[in-house]
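Chain by chain, the residues:
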Amino acid sequence: NAGVTQTPKFRILKIGQSMTLQCAQDMNHNYMYWYRQDPGMGLKLIYYSVGAGITDKGEVPNGYNVSRSTTEDFPLRLELAAPSQTSVYFCASSYSTGNYGYTFGSGTRLTVV
Amino acid sequence: RKEVEQDPGPFNVPEGATVAFNCTYSNSASQSFFWYRQDCRKEPKLLMSVYSSGNEDGRFTAQLNRASQYISLLIRDSKLSDSATYLCVAAIISGGYNKLIFGAGTRLAVHP
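The numbering scheme is per chain: residues are counted from 1 as the chain's sequence reads. In the order they appear in the text, chains get letters beginning with A and ligands get numbers beginning with 1. A pLDDT threshold of at least 70 governs which residues receive local features in this predicted model, and a stricter bar of 80 or more applies before side-chain atom pairs are shown or counted, although totals over entire chains, interfaces and linings include all residues. Side-chain numbers come from the whole structure's heavy atoms, not from hydrogens or water.

Moving on: the environment of A:Cys23. Segments assigned H or I by DSSP are reported as helices when at least four residues long, segments assigned E as strands when at least two residues long, and all are numbered from the N terminus. Here A:Cys23 shows up in strand S3 (residues 19-25). Separated by 82 residues in the primary sequence, A:Cys23 and A:Gly105 place their C-alpha atoms 7.8 Å from one another.

See the structure below:
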């Protein structure tokens, strides 16, 4: 049981490049999330998904896209990378509702230069 | 105003000390509350849920005051390994899912 797995752990992108951050969970969680964390700031929700085929925007979705073709996978796509997207990205998953917290992946540290 | 506010710290305490962190939340519809721990350059990990009656897990005690919209975490007999950032979290049901709102965190440094 690996939990939530994110790849890559680190990446440097040039301005205007694109990339996909991978996230997979093996806990059969319906709910998955993408967050970004900037220094000294709280986690900001980018996108979330309540199940396969269903995604929705969070607080800071601009510049990102997601898909959820299976319960296990929830990739985050960055198109036309910008320096403002330099951040640490965390994927998380959870059971549906109720008094459950989230399980986080180990993060992807992205630098856009 | 931030939805979940915490004192950023850092709190510098000696081993064995008792330290308390406070947190306030602005949305009275919040239904669940948590404390997460985040080590430097690592992911947040669930430390404990917070229940209305208060709850304890070893050296850690969490309290919730719904009337004041206030959450606290008490750590007794601090260990060097407790050094981390502690994130206060309030959850509401929004759009059919359990939406977690994270505070920016309180940093704790325990020294010998």
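What follows picks up the thread again.
What follows deals with empty space enclosed by the protein. Residue and element names in this part refer to chain B. Of the grid points, spaced at 1 Å and generated over the protein atoms alone, those admitting a 1.4 Å probe that cannot get out make up cavities, while open sets with protein on both sides within 12 Å along at least five of seven lines make up pockets; any residue with an atom within 4 Å of a point is treated as lining. Grid points are joined across faces, edges and corners, and a volume is the space filled by probe spheres set on the points. Considering all chains together, one arrives at one cavity of 30 Å³ or more under this definition. Sort the elements by how many residues they give to the lining of the largest cavity and strand S9 (residues 84-94) lands first, with three residues. Note on residue categories: nonpolar means Ala, Val, Leu, Ile, Met, Phe, Trp, Tyr, Cys or Pro, charged means Asp, Glu, Lys or Arg, and polar means any other residue, Gly included. Residues of the lining of the largest cavity, tallied by class, amount to six nonpolar, three polar and one charged.

Time to look at the pairing of strand S11 (residues 108-112) of chain A. All names here are of chain A. On S11, burial follows the alternation: Thr108, Leu110 and Val112 on one face are buried, whereas Arg109 and Thr111 on the facing-out side are not. Note: two strands are recorded as paired if DSSP finds a minimum of 2 bridges between them. Judged from the four bridges that link them, strand S2 (residues 10-13) and S11 form a sheet pairing that is parallel. When the bridges of S11 are listed, Leu13 appears paired with Val112. Inspection of the sheet shows strand S9 (residues 87-94) paired to S11 by three bridges, in the antiparallel sense. A simple rule labels every residue: compare its accessible area, found with a 1.4 Å probe on the protein chains alone, to the largest value its type can have, and call it buried under 20%, exposed over 50%, or partly exposed in between.

Take the sheet that holds strand S7 (residues 64-66) of chain A next. All names here are of chain A. Overall, antiparallel pairing links the four strands, which are arranged S1-S3-S8-S7 in an open sheet. Every interior strand has two partners, whereas the edge strands, strand S1 (4-7) and S7, have only one. Shown here is a sheet whose adjacent strand axes are inclined to one another by a mean of 20°, direction ignored. Looking at chain direction, S1 and S3 are connected through four bridges and run antiparallel. Each axis is a line fitted through C-alpha atoms, and for a helix only the stretch in contact is used; angles between axes span 0 to 180 degrees, taken between their N-to-C directions.

Pairing is possible between side chains that carry opposite charge, provided their charged atoms lie close to one another. For this analysis, a salt bridge means a side-chain nitrogen from Lys or Arg found within 4 Å of a carboxyl oxygen belonging to Asp or Glu. In total, this model carries six salt bridges over all chains according to the counting rule given. With a closest N to O distance of 3.1 Å, A:Arg77 and A:Glu79 form a salt bridge. Its salt-bridge partner being B:Asp82, residue B:Arg59 comes within 2.8 Å of it at the nearest N-O pair. Taken as a pair, B:Arg59 in the loop between strand S6 (55-57) and strand S7 (60-65) and B:Asp82 in the loop between strand S8 (70-75) and S9 lie far apart in primary sequence, 23 residues in all. Judged by relative accessible area, B:Arg59 falls into the partly exposed class, the value being 22%. Its relative accessible area of 3% is what places B:Asp82 among the buried residues.

Here the focus is unusual backbone geometry. With the exception of glycine, the majority of residues adopt a negative phi angle, and the majority of peptide bonds are in the trans configuration. The step from A:Thr7 to A:Pro8 runs through a cis peptide bond, and the omega angle for that step is -5°. Each neighbour pair has its own omega, and for B:Gly9 with B:Pro10 the value is 5°, a cis peptide bond. For B:Pro10, the location among the structural elements is in the loop between strand S1 (4-6) and strand S2 (11-14). Although it is not a glycine, A:Asn28 adopts a positive phi angle of roughly 60°.

Further remarks concern the interface of chain A and chain B. It only takes one pair of heavy atoms within 4.5 Å for two residues to be counted as in contact. Counting residues at the interface gives 24 residues for chain A, matched by 22 residues for chain B. Once two parts are put together, the accessible area they lose, assessed with a 1.4 Å probe and summed over both, is termed the buried area. Between chain A and chain B lies a buried interface of about 1,800 Å² when both sides are counted; carbon and sulfur atoms form 53% of it. Joining chain A to chain B, the criterion identifies zero salt bridges. In protein, a polar contact means a hydrogen-donor-capable atom and an acceptor-capable atom, both N or O and within 3.5 Å, with residues adjacent in sequence counting only if both atoms are side-chain atoms; elsewhere, any N or O pair within 3.5 Å suffices. Here chain A and chain B share three residue pairs in polar contact (both at pLDDT 80 or more) between them. Breaking the side of chain A that touches chain B down by element, the ones donating at least two residues are strand S4 (31-37) and strand S5 (44-51) of chain A. It is S4(A) that provides the largest number of residues to the side of chain A that touches chain B, a total of four residues. Residues of the side of chain A that touches chain B, tallied by class, amount to 13 nonpolar, 10 polar and one charged.

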